[in-house]
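Breakdown of the fold
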Amino acid sequence: MIVRPNLHWLRMMFVWRGSVLPSILPQLGVTTAFALVVTLCHGRLFAWKIPLTFVPFSLIGLTLAIFLGFRNSTSYARYWEARVLWGSILNETRSLARQALTLTDDASDAPPFVRVLIAFTHALRHQLRDSDPSGDLARLLEPHEIERVGRAQFKPAVLLLIAGERLREMRTRGQIAPVLVPAMEIPLGRLSDALGGCERIASTPIPFTYAVILHRTIYLYCFLLPFGLLDSIHGMTPVIVAFLSYTFFALEALGAEIEHPFGVEPNDLALGAISSGIEATLREMLGERDLGPKPEPVDYVLI
Amino acid sequence: MIVRPNLHWLRMMFVWRGSVLPSILPQLGVTTAFALVVTLCHGRLFAWKIPLTFVPFSLIGLTLAIFLGFRNSTSYARYWEARVLWGSILNETRSLARQALTLTDDASDAPPFVRVLIAFTHALRHQLRDSDPSGDLARLLEPHEIERVGRAQFKPAVLLLIAGERLREMRTRGQIAPVLVPAMEIPLGRLSDALGGCERIASTPIPFTYAVILHRTIYLYCFLLPFGLLDSIHGMTPVIVAFLSYTFFALEALGAEIEHPFGVEPNDLALGAISSGIEATLREMLGERDLGPKPEPVDYVLI
Amino acid sequence: MIVRPNLHWLRMMFVWRGSVLPSILPQLGVTTAFALVVTLCHGRLFAWKIPLTFVPFSLIGLTLAIFLGFRNSTSYARYWEARVLWGSILNETRSLARQALTLTDDASDAPPFVRVLIAFTHALRHQLRDSDPSGDLARLLEPHEIERVGRAQFKPAVLLLIAGERLREMRTRGQIAPVLVPAMEIPLGRLSDALGGCERIASTPIPFTYAVILHRTIYLYCFLLPFGLLDSIHGMTPVIVAFLSYTFFALEALGAEIEHPFGVEPNDLALGAISSGIEATLREMLGERDLGPKPEPVDYVLI
Amino acid sequence: MIVRPNLHWLRMMFVWRGSVLPSILPQLGVTTAFALVVTLCHGRLFAWKIPLTFVPFSLIGLTLAIFLGFRNSTSYARYWEARVLWGSILNETRSLARQALTLTDDASDAPPFVRVLIAFTHALRHQLRDSDPSGDLARLLEPHEIERVGRAQFKPAVLLLIAGERLREMRTRGQIAPVLVPAMEIPLGRLSDALGGCERIASTPIPFTYAVILHRTIYLYCFLLPFGLLDSIHGMTPVIVAFLSYTFFALEALGAEIEHPFGVEPNDLALGAISSGIEATLREMLGERDLGPKPEPVDYVLI
Amino acid sequence: MIVRPNLHWLRMMFVWRGSVLPSILPQLGVTTAFALVVTLCHGRLFAWKIPLTFVPFSLIGLTLAIFLGFRNSTSYARYWEARVLWGSILNETRSLARQALTLTDDASDAPPFVRVLIAFTHALRHQLRDSDPSGDLARLLEPHEIERVGRAQFKPAVLLLIAGERLREMRTRGQIAPVLVPAMEIPLGRLSDALGGCERIASTPIPFTYAVILHRTIYLYCFLLPFGLLDSIHGMTPVIVAFLSYTFFALEALGAEIEHPFGVEPNDLALGAISSGIEATLREMLGERDLGPKPEPVDYVLI
């Protein structure tokens, strides 16, 4: 996630990092160079003057704009749903921590229970980013659990099961009245929803065919465009082609980036910062004072 | 579902499988050939020069684009809702498995209960795809249940009832305190919602008349288009007609495909992989080690 | 609801039933005839040549398209919400049937309770379609209840109350533990939501003024259009006017039809089939074998 | 709310009431008169011929249409959310009435409890419409409650508290088992949500700046339009300006009207009819026969 | 939040405060001045006449409009979600106050419990606006709690924990039956959701790259526009450029403002008024008479 103060309107024209320009530069260069060549050849391909006007572009442009809009709304909806799911992990782990501390008769069982929730949060992040959870698991779980979770294919699901087992222990040891247990099952169930929701977003992309159709339309459009503009705007053709191509390519690239919100690109969700925040607030609820350092953006990007 | 790595922008122009091109090739060919004929005859039908300009296409194009947009958003919403429903089957069966393992006094009753949930998942997939569930039922249920479910018209609904009966057994045998039973009724109810939601999407298409109006507008548009373009872009007419027709036909075909997300076409949901995944995670929660093979895409398509 | 197999793309151009053509034929005829007259008079009204170009239509067309889009999305949202509500009636009655069979100590109280739910379903359908519920009530209820419900103004609401009374009986007779009753109150509450939701859609149309503004804009547009097209497309004017008018009129008519999804027109919800399906699945859960005939579409339409 | 039968397509062109025409007539007249003057002066302002073509209007028109669309969708969403909230008041009061009648041991405590719910409904309507609730309160509450509610600033919230107090009484008098009380707390909580939701819509309009930007763009557009049309459509300029202005002004006015759905204008919600309906269904559940007259539309408008 | 009566349509053209004009005046001035210079130089840059027509602007304008639409819808959705979350704080604190007063055996424990909820509300407002909560905390909490909360990094979360602790006290002192506690855990959990939801909106902006792409497109568009208009509308160029730039810049600025709805700018949410309102209604439920002054808008703005 890019963290950046409000910029002056002029400064904003020259932002580099966070503008997806780096990743679309090659195709933008090729398109503009092609437009330049077309302009210099006066729209002739060998001897044939390609007869195009703005009309086809106006007809295609409409559909293109609507589908760029659809694509971006859909990608953004995935991004935001992913954010909401991580928000709900924060909300439900807090609720569970509060319940472990206040529905029980004494608060001594809460810390190990809450540590399982923290481990769940980190394990989910590692699963989504395909990184190694063993460091986080080692500092939060009992030895036999580390082994059990480390072996598991669906680690966060097993951690929720372990949380349930700790709750069973509290109940069988009489630390919590059975009549209060259903109240704790509600947030546990919602953690299961959040886990499954993240797995759903990670495993099911927008149907690939949308990307193909949109991509083809955009690129055909931009490569044919110089022929359509040349007769009316002459020497400005490459400028306008570059401008339009930038808008289209950048929106396509941004859509592709935030469609998979769990990555570590500049516009992806700051899962590292979010899970540190969850750990900090849960530790604070347990009465700990040292909540660890606040995550700091590196080069404006929070990961 | 098509599983595919990020492709280079040039590679993406030549994707074949997953581009719906195969299914729209006939009409695309006919339209383009017609445009070619019109171009060669200079827009004359017998002796009459059809007098058309771009104006009507610009007027119609707007409505067309907006309705293509509506159609696609609606189809995609159905696709995504179907995916969310299957996601909720994962979430709720996991919750039920956790509860069967931790709300009871010993975990011995959990495996047969969880196997009913796995059978429910497979039975729903078979119902939606109209395939034969008997293999999956046979390996998961007791003999008398196989007979009972096999005979049933609404198999997944009967399986949920059987899950409820197993829960009743646990309760009457004192394995679970009555006060904890309502906590398990919540995910059972949500499985009922997910089942009914899938049946709703499968049985109620987008009103057929939308498809008719959209289809007619698209095809009339594409067949009249060469007359409207000829006078301004001459020899490029067939190229542009092919381009525009591809965009329109492809979007219409894709909409029609993902509107029914439970099929086995390349852009449909990978129900097979999803239900294997549910079975694997539930088995893991029961402590089993052999979770079966991970589903592998065949020719980039996961079914 | 129109049930129809996938049609060939050519076949689809000539669909009659389900294309709303029948209901818009008069105005389509008038508009086209008027365009023909205008073309034959060369755009003169008496001696005055009406001076119009495509420009105003391009300006108006934009707003028109956006509002047609709004109207259709809103109508479709009502249609789909109505379908979801009926889906939730299926889900919740199934949940209640499962609970009546498995939360009780023996299953003997379930059948009369479930029959009240079936009666609720049919009574709601009759209320929404303004048809006579007495046949369905008579075969499902006790005599004194038939009288009580028959007299009631809000029949489905009274049937939910009767369901609650049967649940009270089970509780006071010790058939169900009080601690399990709240689990059954949840789906009962949701049936109340579904009932109220259907009543809301039935009683509150989209504000009438939207229809008025849209209708006027469409008709003024289509009647002025020939004057604007004549000078550029001459003899094709009536063809294009007919084409555009068809698109606009058809979308308006379809919007008006599905805005009220509880009727018996071809594009309305198949409430009859849905409620038969609910009855069949509930009967099957009670162990009955004869579930009645499956509803069959008549002339492709399922009512 | 305007209640009106389906009109013939021709009849619909001449609807007066419910077409917001009355409220936009002044500005429509001014704009059209101005267009007429511009036409008669041949677009000259003093000696200067204002040089405008349709181009700027085409560029602005796009943004304008999209924002009119946004405005209307947002206004309609508020209108519909308000309707849904009132629908949920119906649903939850019915659920509470059913519970008061069937979760208790005898039904004698239900009528006074239900009367508080009816009073809540009317009090909320009066609060939203800023009308005097004392008549309704007087016929439904006990004397000391009338005084207490009459003095309150947040009357419906206090009525929900009184409902809670009656429930406490039932519980302490042993009329309802404590284990059943949480089931009644759920609909009580939802009534609190509906109350707060209505207050939210009433107190938080769409940001005023949207209205300002949209209003300015519309009016500048309509006043500059005659200069842009004159050279191409000459004498038809005032007609087209009147047509476009009507569409824009009417949509803006309708948006402003339904943005505040709790008023008593023709397109506002029929809160009077809705709350009478709630009272009637609740009384019927209590076994009363005289449910009061059904609300009748006056001059097609139901208030 | 700007509070303003319905204005006359003419008056609305000259609104200053609340029109974001103040904040976009510099760039609007620069753009218009540049258009003026271009007009005076007849579109020449040094000796070169920049060859541009309206065509590129028509092509770009479409995408621009759709993305302005996306941006505004998204910003507004954040604004409205933030409002809904604060609405839910009102609803849930009212529910908790009702429960503290009516689920307990006597009402003496309610006031300190409710005061913690009021403190939660104010602490959340201070956290979101980065202001000092100590004044509000000091008047609402016990001394040892003031110290504990003051030290906390996540103050509202700790206050919810304290609310839970007071509930535990009521339960252990026998003031509330354990079977009723789960009913109070539901609104407590929802307050946790509202808290987390506000933190989510505050900490996760719309991906920065959207703002960059949109900003660049708007400004390039407006600076190139005079060259494209000059040849067709001559002296009116600066007027139209100013008009279009105003629309674009104002919508961009408004989007940026309401994207962060917790600030203190004129179009932000009136968190001060909302939290005073919550305090007033909760105090009234406790039977207090002096509810404090109603918040008054200063210069039409409610903060």
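Parameters and conventions
- Note on numbering: residues in each chain are counted from 1, in written sequence order.
- Key to labels: chains lettered from A, ligands numbered from 1, both in the order written.
- In keeping with the predicted nature of the model, local features appear solely for residues at pLDDT of at least 70, side-chain atom pairs appear and are counted solely at 80 or more, and the whole-chain, interface and lining totals rest on all residues.
- Only hydrogens and water are set aside; all other atoms, that is, all heavy atoms of the structure, feed into the side-chain values.
- By definition in these notes, contact holds between two residues if any of their heavy atoms fall within 4.5 Å.
- The term buried area means the drop in 1.4 Å probe accessible area that two parts suffer when joined, counted for both and summed.
- When a carboxyl oxygen of Asp or Glu is within 4 Å of a side-chain nitrogen of Lys or Arg, the pair counts as a salt bridge.
- Think of it this way: any DSSP run of H or I at least four residues long counts as a helix, any run of E at least two long counts as a strand, and we number them from the N terminus.
- Under the scheme applied here, ten amino acids are nonpolar (Ala, Val, Leu, Ile, Met, Phe, Trp, Tyr, Cys and Pro), four are charged (Asp, Glu, Lys and Arg), and all others, including Gly, are polar.
- UniProt positions are given in the numbering used here, feature names are shortened, and annotations may be inferred rather than shown by experiment.
- A score between 0 and 100, pLDDT records how confident the predictor is in each residue.
- Here a Phe, Tyr or Trp ring, Trp counted by its six-membered ring, pairs with any other such ring whose centre lies within 6.5 Å, and the pair is stacked when the planes are under 30 degrees apart, edge-to-face when over 60, and tilted otherwise.
- Using a 1.4 Å probe on the protein chains alone, a residue whose accessible area is under 20% of its type maximum counts as buried, one over 50% counts as exposed, and one in between counts as partly exposed.
- Expected helix span is taken as 1.5 Å per residue step, with the number of steps being one fewer than the number of residues.
- The angle between axes fitted to the seven-residue stretch ending at a residue and the seven-residue stretch beginning at it gives the bend at that residue.
- Each copy is superposed on the other by least squares, with the fit set by C-alpha atoms of residues at a pLDDT of at least 70 in both.
- Residues forming no salt bridge and having over 30% relative accessible area are the ones grouped into patches, like charges within 9 Å of each other and nonpolar side chains (Val, Leu, Ile, Met, Phe, Trp, Tyr) within 5 Å.
- Residue burial considers only the protein chains on display, and all accessible areas are found by Shrake-Rupley using a 1.4 Å probe.

Moving on, we get to the interface of chain E and chain A. Across the boundary between the two partners, chain E contributes 65 residues, which contact 73 residues of chain A. When chain E packs against chain A, close to 6100 Å² is buried across both sides, 70% of that on carbon and sulfur atoms. On the surface where chain E and chain A come into contact, there are 4 salt bridges. We note a salt bridge from E:Arg171 to A:Asp105, for which the minimum N-O separation is 3.8 Å. For the side of chain E that touches chain A, the secondary-structure elements that each account for two or more residues are α1 (21-40), α2 (55-102), α6 (155-172), α7 (181-203) and α8 (208-233) of chain E. When its residues are assigned to classes, the side of chain E that touches chain A shows 39 nonpolar, 15 polar and 11 charged.

Turning our attention to the UniProt feature "transmembrane region" (unreviewed entry) in chain A. Per the UniProt entry, the sites bearing "transmembrane region" (unreviewed entry) are residues 45-70 of chain A in this numbering. Note that residues 45-70 of chain A is 62% helix and 12% strand, and that its end C-alpha atoms are spaced 35 Å apart.

Glancing now at the arrangement of the chains. Left apart from each other, chain B and chain D have a closest C-alpha approach of 10 Å. Contact between chain B and chain E is absent, and the least distance between their C-alpha atoms amounts to 10 Å.

A word on the confidence of the model for chain A. Per-residue confidence for chain A gives a mean pLDDT of 91; residues scoring 70 or more make up 99%. In the predicted assembly, ipTM is 0.93 and pTM is 0.96.

Residue and element names in this part refer to chain B. By the definition in use, this model includes 64 aromatic pairs over all chains. Measuring from centroid to centroid gives 6.4 Å for Tyr76 and Trp80, while their planes differ by 5 degrees, and the two rings are stacked. With a gap of 4 residues between them, Tyr76 and Trp80 both fall in helix α2 (residues 55-102), about one helical turn apart. A single burial state applies to Tyr76 and to Trp80, both of which are buried.

This part covers helix α8 (residues 208-233) of chain C. Because an α-helix packs 3.6 residues into every turn, residues spaced three or four apart end up facing the same way. Residue and element names in this part refer to chain C. For α8, with 26 residues, the first-to-last C-alpha span of 37 Å sits near the 38 Å given by 1.5 Å per residue. Of all the bends in α8, the largest measures some 40 degrees and sits at Leu224, one to four residues before the proline Pro226. Burial runs high along α8: 22 of the 26 residues are buried. The first or second residue beyond α8 is His234, which carries a positive phi of 45 degrees.

Listed per partner, the contact involves 73 residues of chain E and 65 residues of chain D. Both sides together, the interface formed by chain E and chain D hides about 6100 Å², and carbon and sulfur atoms give 70% of it. When the area that chain E buries against chain D is broken down by residue, the three leading residues are E:Trp9, E:Arg98 and E:Phe243, summing to 13%. Inspection of the region where chain E meets chain D yields 4 salt bridges. Between E:Arg94 and D:Glu199 there is a salt bridge, and its shortest N-O distance comes to 3.0 Å. Mapped by element, the contributors of at least two residues to the side of chain E that touches chain D are α2, α7, α8, α9 (237-259) and α10 (271-285) of chain E. Among the elements that make up the side of chain E that touches chain D, the one with the highest residue count is α2(E) (24 residues). Considered class by class, the residues forming the side of chain E that touches chain D number 44 nonpolar, 19 polar and 10 charged.

Here we take up the relation of the copies chain E and chain D. To go from the first copy of the chain to the second, apply a rotation about an axis and then a shift along the same axis. When chain E is fitted to chain D, the best match, at an RMSD of 0.0 Å, comes from turning it 72 degrees and sliding it 0.0 Å along the axis. What the rotation and shift describe, once combined, is the action of a five-fold rotation axis. Using C-alpha coordinates, one finds that chain E approaches the rotation axis most closely at E:Val179, a distance of 5.2 Å. Little of the interface of chain E is mirrored in chain D, where only 5% of its interface residues again form contacts.

With that settled, the discussion passes to helix α7 (residues 181-203) of chain D. With 23 residues, α7(D) extends 33 Å between its outermost C-alpha atoms, agreeing within 8% with the 33 Å of an ideal straight helix rising 1.5 Å per residue. With 18 of 23 residues buried, α7(D) lies mostly within the body of the structure.

On to a nonpolar patch on the surface. Among the surface-exposed residues, A:Ile186, B:Ile186, C:Ile186, D:Ile186 and E:Ile186 lie close enough to one another that they form a single nonpolar patch of about 320 Å² accessible area. Structurally, the position occupied by C:Ile186 is in helix α7 (residues 181-203).

Our next topic: the pattern of salt bridges. A side chain with one charge may pair with a side chain of the opposite charge, provided their charged atoms come close. The final tally for this structure, using the stated rule, is 90 salt bridges over all chains. Between A:Glu279 and A:Arg139 there is a salt bridge; the shortest N-O distance is 2.8 Å. Of this pair, A:Glu279 sits in helix α10 (residues 271-285) while A:Arg139 sits in helix α4 (residues 134-140), and the two are 140 residues apart along the sequence. On the accessibility criterion, A:Glu279 (10% relative accessible area) is buried. Since its relative accessible area comes to 42%, A:Arg139 is described here as partly exposed. The closest approach of N and O atoms between C:Arg283 and C:Glu279, which form a salt bridge, is 2.8 Å. Taken together, the positions of C:Arg283 and C:Glu279, both in helix α10 (residues 271-285) and 4 residues apart, correspond to about one turn of that helix. One network of salt bridges, with partners in common, ties together A:Arg125, A:Asp136, A:Arg139, A:Glu279, A:Arg283 and A:Glu288.

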